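Descriptive analysis of the structure
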Amino acid sequence: MNFTKFPRRKYLQGPTPIEFLPALTKALGNDVKLYIKRDDLLPGAAGGNKTRKLEFCIGDALAKGADTIITCGAVQSNHARLTASWSAKEGLDCHLILEERVKGSYKENASGNNFLFELLGVKSIDVVQGGSDMMAQMNKKADELATAGKKPYIIPGGASNAIGATGYAVCAEETMNQLNEMCIDIDHIIVPSGSAGTHAGMVVGMTGVNANIPISGVNVSRPKTVQEEIVYKLALETAQRLGVKGGISREEIVCFDEYVGPGYSLPTKSMVEAVTFFARTEAILLDPVYSGKAAAGLIDLVRKGHFPKNSNVLFLHTGGSPALYAYMDTFRQE
Ligand SMILES: *Cc1c(COP(=O)(O)O)cnc(C)c1O
């Protein structure tokens, strides 16, 4: 694939590691070999997947002459933290619109990502009710800032448009190059599926390099078919942007929704188990909202025998560990 046509800032120093997980593999019975792609170790304050997307989104913003970034997210948004992080680094103003998806969940003095927004010097935080039209809220903010003489650029939630998803097509190619180099024959890839750019970008990128590795998403909020349609639509747009031949077929987009629990960001028993299990076997920190629920899915699928014996499964670790500090009570109650 050719990514050189697109405006981009280079935030990665090199590929993120792919590691075998011997202790977790053994603890789950040795039938399936588990590997991990460590996108939790990406650069940007406290790491995580949005850095890959922001290479292209902030690249686009700078190419368009922006001096101000506006984005949105949930109250403990990793995307908002990383957008604030790269904005600080680039000398851009950053304004956040936070959606209180769980009533009463926004606390001005909260720990985790919320504290980091402040530390990273965001210019403003507006908190709006769950279910608000976030694009309308961001447009309103952009109008205000433009009137004040600024040149604002809006990055959608999770940086999940075709521009941001391009960062995960890059990740797919990087992953395939590493697997070839390491001679690891992966049979299945598991990714968290939220605002969908990660999942869509991985599918497009793996198609673009002809990898023939099935990818499944583990949902963090929506029902299966709703999420699959969102991922599919974004994958089609991204494939078109990148000129990936042959297109993407609907059947390639597969999501599991059994691990969402009561809703987005709300803890589940299997998430707590997965986060604790990864910490105590591999000393890898997951998060309560995304990678913890995705890992709960991975663990359950292995236990249920979903993957044939002797399969090699790669888990994409998208980061998010700062959110753990906003959930300490959940873990201490268990
Ligand atoms: C945003 C996020 C995801 C989900 O990625 P999407 O591209 O939004 O689907 C997964 N894990 C973490 C830690 C995230 O912050």
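Model, not experiment: these values are computed from the prediction.

1. Regarding the sheet that holds strand β8 (residues 215-219)
- With mixed pairing, the 6 strands of this open sheet are ordered in space as β1-β2-β10-β7-β8-β9. Bordering the open sheet on either side are β1 (18-20) and β9 (254-256), each of which pairs with just one other strand. Pairwise comparison of adjacent strand axes, ignoring direction, gives a mean angle of 30 degrees for this sheet.

2. Quick look at the side chain of R52
- Locating R52 in the fold gives a position in helix α2 (residues 50-63).
- What makes R52 buried here is its relative accessible area of 2%.
- Within the structure, R52 has its side chain in polar contact with the side chain of T16 (distance 3.3 Å).
- Reaching out from R52, the side chain makes a polar contact with the side chain of E174 at a distance of 2.9 Å.
- Filtering out sequence-adjacent residues up to four positions away, R52 remains in contact with L12, T16, K37, D39, L42, G167, Y168, C171 and E174.

3. Section: the packing of α2 against helix α3 (residues 78-90)
- The contact between α2 and α3 brings their axes to 10 Å, and the two run at 50 degrees. Viewed along their axes, α2 and α3 adopt a mutual orientation that is oblique. As for the relative orientation of α2 and α3, their crossing is right-handed in sense. On α3, the residues that touch K50, T51, L54, I58 and L62 of α2 are H79, L82, T83, W86, S87 and E90.
- Split into classes, the residues belonging to the contact of α2 with α3 amount to 5 nonpolar, 4 polar and 2 charged.

4. So, the packing of helix α9 (residues 269-282) against helix α10 (residues 291-303)
- The interhelical angle for the contact between α9 and α10, taken along N-to-C directions, is 90 degrees, at an axis separation of 8 Å. As judged from the angle between their axes, α9 and α10 are roughly perpendicular. Two secondary-structure elements touch here, α9 through S270, M271, E273, A274, V275, F277 and F278 and α10 through G292, K293, A295, A296, L298, I299 and R303.

5. Section: the site of the ligand
- Taken together, 17 residues form the shell around the ligand, and within it K50, K53, S195, T198 and T318 come nearest.
- K50 is positioned with one of its side-chain polar atoms (N or O) 2.9 Å from an oxygen atom of the ligand.
- Here an oxygen atom of the ligand sits 2.7 Å away from a polar atom, N or O, in the side chain of T198.
- Summarising the interface, the protein chains cover 98% of the accessible area of the ligand, which totals 370 Å² for the free molecule.
- Those elements giving two or more residues to the shell around the ligand turn out to be α2, β7 (188-193) and α7 (197-208).
- Counting residues domain by domain, the shell around the ligand receives three or more from each of domain 1 (18-48 + 161-333) and domain 2 (50-159).

6. Remarks on the pairing of strand β4 (residues 93-100)
- For β4, the tally of buried residues reaches 8 of 8 residues, placing the bulk of the element in the interior.
- Residues D93, H95, I97 and E99 line one face of β4 and the alternating positions C94, L96, L98 and E100 line the opposite face, and both faces are buried.
- Relative to β4, strand β3 (residues 68-74) runs parallel, the two sharing 7 bridges. By the bridge assignment for β4, C72 is matched with I97.
- As for the winding sense of the linkage, the β-α-β connection from β3 through α3 to β4 is right-handed.
- Taken together, the 6 bridges between β4 and strand β5 (residues 124-129) define a ladder with parallel strand orientation. Counted as the bridge partner of L98 is V127 from β5.
- The β-α-β motif built from β4, the intervening helix α4 (residues 113-119) and the parallel element β5 has right-handed crossover chirality.

7. Some thoughts on the domain arrangement of the protein
- As far as domains go, the protein holds domain 1 (18-48 + 161-333) and domain 2 (50-159).
- Contact with domain 1, which involves 31 residues of that partner, is made by 26 residues of domain 2.
- Carbon and sulfur atoms make up 61% of the surface buried where domain 1 meets domain 2, a total of about 2,100 Å² over both sides.
- There are 2 salt bridges connecting domain 1 and domain 2.
- R52 is paired through a salt bridge with D39; the nearest N and O atoms lie 2.8 Å apart.
- Viewed at the interface, domain 2 and domain 1 are joined by 9 residue pairs in polar contact (both at pLDDT 80 or more).
- For the side of domain 1 that touches domain 2, the element with the most residues is helix α6 (residues 162-182), which contributes 9 residues.
- Classifying every residue of the side of domain 1 that touches domain 2 by side-chain character gives 16 nonpolar, 12 polar and 3 charged.

8. Side note on a nonpolar patch on the surface
- A surface patch of nonpolar side chains, about 280 Å² in accessible area, is lined by L285, Y325 and M328.
- The topology assignment puts M328 in helix α11 (residues 328-333).

Criteria and cut-off values
- Residues numbered from 1 in each chain as written.
- Predicted model: local features only at pLDDT ≥ 70, side-chain atom pairs only at ≥ 80, totals over all residues.
- Heavy atoms only, no water.
- Pairing = 2+ DSSP bridges.
- Helix = DSSP H or I, 4+ residues; strand = E, 2+ residues; numbered from the N terminus.
- Axes fitted to C-alpha atoms, helices over the stretch in contact; angles between N-to-C directions.
- Buried < 20%, exposed > 50% of the residue type's maximum accessible area, 1.4 Å probe, protein only.
- Polar contact = N/O pair within 3.5 Å; in protein donor to acceptor, adjacent residues only side chain to side chain.
- Contact = heavy atoms within 4.5 Å.
- Parallel < 35°, antiparallel > 145°, perpendicular 65-115°, else oblique.
- Left-handed = near helix turned anticlockwise from the far one by under 90°.
- Nonpolar A, V, L, I, M, F, W, Y, C, P; charged D, E, K, R; others polar.
- Near = heavy atom within 4 Å.
- Areas by Shrake-Rupley, 256 points an atom, 1.4 Å probe, with all protein chains shown as cover.
- Domains from an automatic or database assignment.
- Right-handed = clockwise from strand over helix to strand, strands pointing away.
- Buried area = accessible area lost by both parts, 1.4 Å probe.
- Salt bridge = Lys/Arg side-chain N within 4 Å of Asp/Glu carboxyl O.
- Patch = residues over 30% accessible without salt bridge, like charges linked within 9 Å, V, L, I, M, F, W, Y side chains within 5 Å.

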